[in-house]
Amino acid sequence: MAAKAVGLPCPDYKRMHEGFKVAYTDMAKRYPCFGHSEKMPNIDWWRSCVKDSFVKAGYDYDDETFEKVFKRIYSTFGSSAPYTIFSDSQPFMRWAREKGLLIGLVSNAEYRYQDVILPSLGLNQGSEWDFGVLSGLVGVEKPNPKIYEIALEKAGNIAPCEALHIGDSFRKDYLPAKSVGMQALLLDRFKTPDAEAWRDSGAPVFPDLSAVQHWLTKEEEAAAGQ
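Residues numbered from 1 in each chain as written. Predicted model: local features only at pLDDT ≥ 70, side-chain atom pairs only at ≥ 80, totals over all residues. Heavy atoms only, no water.

S.K.: An account of the pairing of strand β2 (residues 131–134) is needed here, citing residue identities and associated values.
M.R.: When a strand is regular, its side chains alternate between the sheet's two faces. Here β2 shows a buried face lined by Phe-131 and Val-133 and a second buried face lined by Gly-132 and Leu-134. Pairing of strand β1 (residues 104–107) with β2 involves 4 bridges; the strand directions are parallel. Bridge pairing in β2 places Leu-105 opposite Gly-132. Note on the crossover from β1 through helix α7 (residues 111–120) to β2: the handedness is right-handed. (Buried < 20%, exposed > 50% of the residue type's maximum accessible area, 1.4 Å probe, protein only. Helix = DSSP H or I, 4+ residues; strand = E, 2+ residues; numbered from the N terminus. Pairing = 2+ DSSP bridges. Right-handed = clockwise from strand over helix to strand, strands pointing away.)

Dropping the structure here:
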């Protein structure tokens, strides 16, 4: 879409998709956490990644043309346009905060996710969540358990057993959270074939956040009964 907007032929979707996967993986290895340790500006990290994506897909534009394309892509992905939130997200987060729970966001993402994208989607600090731990800001990314330790610190140095992590990746979410002593569960929104293996490994698996809310309510009632 960005290429077409500046008068170029539309690039092939499949080639671009494959090119991006390779380019992103390469950038993440060379400059992890969006260039955090090298103090690379966020826009420069993405400019290199996007440029390499086009090149690997077979599209090598001159610098002036590429910059026009890139600016459109960078601004689009810094807005709410390419994203949607699950309908159960906001109600669950507000319910949890009303229960007195602190909500922290742990994500392999750059600063715009916290400062721009989530607010533009109606997920705001202070109403839906309390603090964020983003790899681009802290210099650590999942599945490194350190990112979960940082989350515990930001929550007020609470004991790991007092925290519950909700994720959708067994390797990046469940295992590292459990390794630092946190309670953890997984969401299987899309009926992944791996979900059965998650259950066999002892992980609690739920279809969505509404089911998690129902489960937590029952746990709270059971504790009150005791």
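S.K.: Could you give me a rundown of the packing of helix α4 (residues 42–56) against helix α5 (residues 63–76), with the residues and numbers involved?
M.R.: Where α4 meets α5, the axes come as close as 10 Å, and the angle between the chain directions of the two elements is 115°. Viewed along their axes, α4 and α5 form a crossing whose handedness is right-handed. Packed against α4, whose contacting residues are Asn-42, Ile-43, Trp-46, Arg-47, Val-50, Lys-51 and Phe-54, the element α5 presents Asp-63, Phe-66, Glu-67, Val-69, Phe-70, Ile-73 and Tyr-74 at the interface. Of the residues contributing to the contact of α4 with α5, the split by class is 9 nonpolar, 1 polar and 4 charged. (Axes fitted to C-alpha atoms, helices over the stretch in contact; angles between N-to-C directions. Left-handed = near helix turned anticlockwise from the far one by under 90°. Contact = heavy atoms within 4.5 Å. Nonpolar A, V, L, I, M, F, W, Y, C, P; charged D, E, K, R; others polar.)

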